[in-house]
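Structural overview
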Amino acid sequence: MRFQIPMSGFEALYVFMLAAFAGWVTIGRVPAILHTPLMSGSNFIHGIVVVGGVFALLSAGSRLEQGIGFFAVLLGAGNAAGGFAVTSRMLAMFQASSKPAHAAKKAHRPAAAATTPSGK
Amino acid sequence: MFTFLPPYVVFATDLVAAFLFLFGLKRMASPVTASSGISYAGVGMLAAVVVSFLYCFGVDPAARSQLGTNIVLVLLALLLGAGIAWWAGKKVAMTAMPQMVALYNGMGGGAAAGIAAMELFGGKTHGGRELSVTLLGALIGTVSLSGSCIAWAKLQGVIKKPLHIGGQQVINGAVMLAIVAVGGYVVFTVHGGAELATAMPGWIWVFFAGAFLFGLLMALPIGGADMPVLISVYNACTGLAVGLEGYVLKNPLLMIAGMVVGAAGLLLTELMAKAMNRSVAKVLFAHFGPAPAHKGGTIVGSLKPCQASDAGIFMRYAKSVIIVPGYGLAVSQGQQKLYEFVKLLQAAGVGVKFAIHPVAGRMPGQMDVLLAEAGVPYDMIFQLEDINPDFATTDVALVIGANDVVNPAARTDKSSPIYGMPILNADQAKKVYVIKRGDGKGYAGIVNALFYAPNCQMVYGDAQAVLVQMITAVRGLGAAPGGKAQK
């Protein structure tokens with residue numbers, strides 16, 4: 001109990017609402033080109049369930065709980081580690097054209113457009 | 001002494017981890033910063049897992065005698081689970097990424113369901129509200145587990161065909177009703193004063209079995225091209241289940257991380273469904289069904305086969321080429337050869353762009369990842385709305401293993417099942433080459449009028465083999481006079 005932060009139903013709903021909104025807004029502007037890494041990245045983030053598994057398994061009192069808990073931690077750890085491995089692998093592959101000047105111009109186009117046109 | 005310290009260490013670390021997750025996700029929104037984004041999130045995860053061992057200090061007195069065993073079990077499960085998944089994740093081919101992600105989704109769902117099961121069988125949930133939330137999380141997590149297993153089996157090719165059972169919707173509805181009834185019975189009985197752990201285990205097993213069955217039934221009839229939607233649905237489901245179990249465990253980190261992923265997954269699902277012009281509900285519950293009778297309208301023209309070498313040489317002398325990759329490219333693992341061919345064209349002064357349909361492949365963005373793996377810079381890759389106006393002024397559109405996403409019937413034929421779906425306007429290019437293994441129909445089971453159009457020629461064969469022939473043919477021409485050939 002000492003490691004838990006109890007919430008009333010409405011406090012929990014507030015947390016859920018804000019978190020859902022944050023997730024929606026953060027993902028909303030991702031270009032389609034990154035959809036696969038994004039999906040496996042968010043997949044990695046729900047791997048945090050492993051922490052819940054550790055918590056539950058440490059206070060398991062019966063053989064049945066220990067058995068289920070073992071698999072919960074096993075699966076959760078797999079979710080987290082695997083999700084990280086594939087996401088970082090995929091993201092490392094994305095690169096701009098080998099012409100750095102061109103790539104830099106592309107990346108900073110919005111900023112460049114905001115400055116005065118005489119800056120050419 | 002200092003026994004008051006561990007909880008605060010855990011709370012503070014979890015707070016930082018929650019921040020790092022959101023910050024990392026935010027950085028993942030641009031290809032420039034994405035790589036660092038996952039690293040931030042990874043640091044958060046690592047920190048949260050390490051401090052979770054401090055939970056040892058807060059174990060119930062009842063379970064203290066088991067603590068030694070439990071610590072060993074935790075360590076063993078962590079090392080084993082993380083080790084195997086890490087190894088598999090490093091080794092898996094990029095073309096097999098969709099099934100890998102489906103598998104990891106299922107694992108997360110299974111873990112959430114496992115936590116719920118421990119709470120239920122251990123009788124640790126108190127009150128009707130907590131019990132209901134636990135059961136709901138258990139249901140969603142279990143559905144995600146069994147459904148993801150089916151999705152994996154389909155993508156891996158273990159299950160070849162969508163399975164249609166008569167009265168599918170009725171059966172699914174009945175199973176869901178039964179699950180809700182069992183769950184409601186458990187909640188009300190416990191509310192009436194019964195002891196959860198001793199009086200209810202039988203019904204809890206039934207509840208989990210029902211949820212598992214529902215996941216199987218839900219995923220079995222869904223076909224290959226709808227997989228992007230299914231995978232993002234399970235991603236969202238697992239996130240939601242984790243968030244709900246986080247509430248039960250009174251752990252805000254799980255609540256926040258789970259709900260962020262739940263919302264993100266929902267948004268992605270919506271995007272996918274919109275790209276197919278079908279509602280999410282339609283994809284999940286009203287399938288295309290067994291291949292519909294021929295209703296392609298009147299097709300004029302004929303299929304005109306063409307040699308790979310001729311097509312390759314034609315493109316070598318074109319000014320501009322747009323390439324439309326589809327699932328067929330992934331199946332043949334032809335992405336490296338494709339980029340090799342593209343580099344040859346570029347060396348000869350041909351302008352080359354890639355056009356990606358949002359639902360090409362078996363998971364959102366799969367084609368982008370394959371091209372990235374082959375080394376194609378991401379500024380050569382264009383999305384549907386950005387590239388569509390360019391087709392009309394392009395010499396050649398090269399369609400590789402894609403079908404429904406370039407079917408003009410989606411624009412013109414109101415009776416077509418894909419009518420209204422946004423497509424790539426490959427048919428507007430002056431010349432269209434289609435690399436395809438055979439005359440098979442697309443996923444929607446309809447004839448593609450593009451293949452019969454006067455400006456279209458078919459190059460039959462495995463995409464990779466065809467591309468090798470094209471490369472040989474273009475190399476055979478030697479350096480282009482006046483071109484920007486580098487060799």
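The shown structure was predicted, so the numbers you read here are calculated from the model rather than taken from an experiment.

Criteria and cut-off values
Residues numbered from 1 in each chain as written. Chains lettered and ligands numbered in written order. Predicted model: local features only at pLDDT ≥ 70, side-chain atom pairs only at ≥ 80, totals over all residues. Heavy atoms only, no water. Helix = DSSP H or I, 4+ residues; strand = E, 2+ residues; numbered from the N terminus. Expected span 1.5 Å × (residues − 1). Buried < 20%, exposed > 50% of the residue type's maximum accessible area, 1.4 Å probe, protein only. pLDDT = per-residue confidence, 0-100. Contact = heavy atoms within 4.5 Å. Buried area = accessible area lost by both parts, 1.4 Å probe. Salt bridge = Lys/Arg side-chain N within 4 Å of Asp/Glu carboxyl O. Polar contact = N/O pair within 3.5 Å; in protein donor to acceptor, adjacent residues only side chain to side chain. Nonpolar A, V, L, I, M, F, W, Y, C, P; charged D, E, K, R; others polar. Core = buried A, V, L, I, M, F, W, Y, C linked by side-chain atoms within 4.5 Å. Domains from an automatic or database assignment. Phe/Tyr/Trp six-rings, centres within 6.5 Å; stacked < 30°, edge-to-face > 60°.

Description of helix α14 (residues 335-347) of chain B
Taking 1.5 Å as the rise per residue, α14 of chain B with 13 residues should run 18 Å; its terminal C-alpha atoms sit 18 Å apart, in good agreement. Every buried residue belonging to α14 of chain B is among Q335, L338, Y339, F341, V342, L344, L345 and A347 of chain B, and all of these are buried.

Overview of the confidence of the model for chain B
Residue and element names in this part refer to chain B. Confidence along chain B averages 86 in pLDDT terms, with 93% of residues attaining 70 or more. The low-confidence segment residues 289-296 (pLDDT under 50) makes 9 contacts with residues lying over four places distant or belonging to another chain. Every residue in residues 482-487 scores below 50 in pLDDT, and together they form 8 contacts with partners more than four places removed in sequence or on other chains. Taken over the whole predicted complex, pTM reads 0.84, whereas the ipTM for its chain interfaces reads 0.84.

A short note on the interface of chain A and chain B
Between chain A and chain B, the contact holds 90 residues from the first and 114 residues from the second. With both chains or domains summed, chain A and chain B bury close to 9100 Å², and 78% of this area falls on carbon and sulfur atoms. Sorting the residues of chain A by area buried against chain B places F3, M39 and L58 of chain A first, and these three jointly supply 9% of that buried surface. At the boundary of chain A and chain B, one finds 1 salt bridge. Across the pair K124 of chain B and E65 of chain A runs a salt bridge whose closest N-O atoms are separated by 2.7 Å. Seen at the junction of chain A and chain B, the total is 18 residue pairs in polar contact (both at pLDDT 80 or more). Mapped onto the side of chain A that touches chain B, the elements with two or more residues apiece are α1 (9-28), α2 (35-45), α3 (49-58), α4 (63-93) and α5 (100-107) of chain A. Per element, the largest residue contribution to the side of chain A that touches chain B is 29 residues, and it comes from α4 of chain A. Class assignment of the residues belonging to the side of chain A that touches chain B gives a composition of 54 nonpolar, 30 polar and 6 charged.

What about the nonpolar core?
Soluble globular proteins: nonpolar side chains tend toward being buried together. Grouped together as the largest cluster of nonpolar side chains are 202 residues, with contacts concentrated most on I48 of chain A together with M315 and M470 of chain B. Looking at this core element by element, the count peaks at 15 residues for helix α4 (residues 97-121) of chain B.

Points about the domain arrangement of chain B
Residues and elements named next belong to chain B. One can read the domain layout of chain B as domain 1 (110-290) and domain 2 (308-475). Just the C-alpha atoms count here: the centres of domain 1 and domain 2 sit 37 Å apart. Each partner contributes residues to the interface: domain 1 has 14 residues there, and domain 2 has 14 residues. In this assembly, domain 1 packs against domain 2 so that about 1300 Å² is buried in total across both faces, 73% of it on carbon and sulfur atoms. At the boundary of domain 1 with domain 2, the tally comes to 0 salt bridges. The interface formed by domain 1 and domain 2 includes 0 residue pairs in polar contact (both at pLDDT 80 or more). Elements supplying a minimum of two residues to the side of domain 1 that touches domain 2: α9 (227-248) and α10 (252-275).

A look at the side chain of S59 of chain A
Take S59 of chain A: it is sitting in the loop between α3 and α4. Taking the relative accessible area as the measure of exposure, S59 of chain A reaches 13% and is therefore buried. Within the structure, the side chain of S59 of chain A is placed 3.2 Å from the backbone oxygen of F55 of chain A, a separation counted as a polar contact. Leaving out residues up to four positions away in the same chain, S59 of chain A has contacts with E65 of chain A together with V59, A63, N70 and K124 of chain B.

Regarding the packing of aromatic side chains
A ring pair, where both rings are aromatic, is described by two values, the distance of the centres and the angle of the planes. Applying the stated criterion across every chain yields a total of 12 aromatic pairs over all chains. A centroid spacing of 5.5 Å and a plane angle of 90° characterise the contact between F3 of chain A and Y55 of chain B, whose relative ring orientation is edge-to-face. With F3 of chain A in the segment before α1 and Y55 of chain B in the loop between α2 (34-51) and α3 (67-91), the pair connects residues from two separate chains. Note on F3 of chain A: relative accessible area 5%, which makes it buried. Judged by centre distance (4.9 Å) and plane angle (40°), the ring pair of F121 of chain B and W205 of chain B falls under tilted. One end of the pair, F121 of chain B, is in helix α4; the other, W205 of chain B, is in helix α8 (residues 201-219), with 84 residues separating them in the sequence. In this structure W205 of chain B comes out as partly exposed when scored by relative accessible area, which is 47%. In this structure an aromatic cluster arises from ring pairing among F3 and F55 of chain A together with Y55 of chain B.

Focus on the side chain of N70 of chain B
Note on placement: N70 of chain B falls in helix α3. The contacts of N70 of chain B, once residues within four sequence positions are left out, are L57, L58, S59, A60 and Q66 of chain A.

Some points on the pattern of salt bridges
Residues and elements named next belong to chain B. Overall, the coordinates contain 7 salt bridges over all chains when judged by the stated rule. K337 serves as the salt-bridge partner of E340, at 3.4 Å between the closest nitrogen and oxygen. With a gap of 3 residues between them, E340 and K337 both fall in helix α14, about one helical turn apart. Judged by its relative accessible area of 26%, K337 is partly exposed.

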